[in-house]
Amino acid sequence: VQLQASGGGSVQAGGSLTLSCAASGIIFNINSMGWYRQAPGKQRELVASISSGGNIKYGDSVKGRFTFSRDNAKNMVYLYMNSLKPEDTAVYYCHVQGPLATFYSNYWGQGTLVTVSS
């Protein structure tokens, strides 16, 4: 699985950004797909993901502000980020957990930096 993320940048608090991630390779029957982020000095954390059953899960800190969507026809996922806060500053990673055949391997994109200034 190859993941190509884009859309990061700098924005002022209260602003919006949209991240996109294009997936290619063995993308059938994946277990989950979504976004994680890692701020300086902090652990990587879940932002939003969708399971194979179509259930979307959000991290507590982004609920109500971020919206995740998936376009199966284009093998793309998107993260619409609104009401951004300085604490949203992080490198955002697109993530896929592969199917059982890959032993549920984790695949990561290269990361895209989001900077929110106050």
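Quick caveat, the model's predicted, so the values are computed rather than measured.

### With respect to the state of the cysteines
A covalent bond between the sulfur atoms of two cysteines is referred to as a disulfide.
Inference 1: Across all of its chains, the model carries one disulfide by this definition.
Inference 2: Residue C21 pairs covalently with C94 via a disulfide, S to S 2.0 Å. Disulfide C21-C94: torsion about the S-S bond near -90°, hence left-handed. Placement of the pair is C21 in strand β3 (residues 17-24) and C94 in strand β9 (residues 90-97), with a sequence separation of 73 residues.
Inference 3: For C21, a relative accessible area of 0% translates into the label buried.

### Details of the environment of E45
Inference 1: Note that E45 resides in strand β5 (residues 45-51).
Inference 2: For E45, a relative accessible area of 35% puts it in the partly exposed group.
Inference 3: On a C-alpha basis, the gap between E45 and S32 in space is 15 Å, while along the polypeptide they are 13 residues apart.
Inference 4: Once residues lying within four places of it in the same chain are set aside, the contact partners of E45 are Y36, R37 and S61.
Inference 5: In terms of polar contacts, E45 uses its side chain to reach the side chain of R37, at 2.7 Å.

How each quantity is defined
Residues numbered from 1 in each chain as written. Predicted model: local features only at pLDDT ≥ 70, side-chain atom pairs only at ≥ 80, totals over all residues. Heavy atoms only, no water. Disulfide = S-S within 2.5 Å. Helix = DSSP H or I, 4+ residues; strand = E, 2+ residues; numbered from the N terminus. Buried < 20%, exposed > 50% of the residue type's maximum accessible area, 1.4 Å probe, protein only. Contact = heavy atoms within 4.5 Å. Polar contact = N/O pair within 3.5 Å; in protein donor to acceptor, adjacent residues only side chain to side chain.

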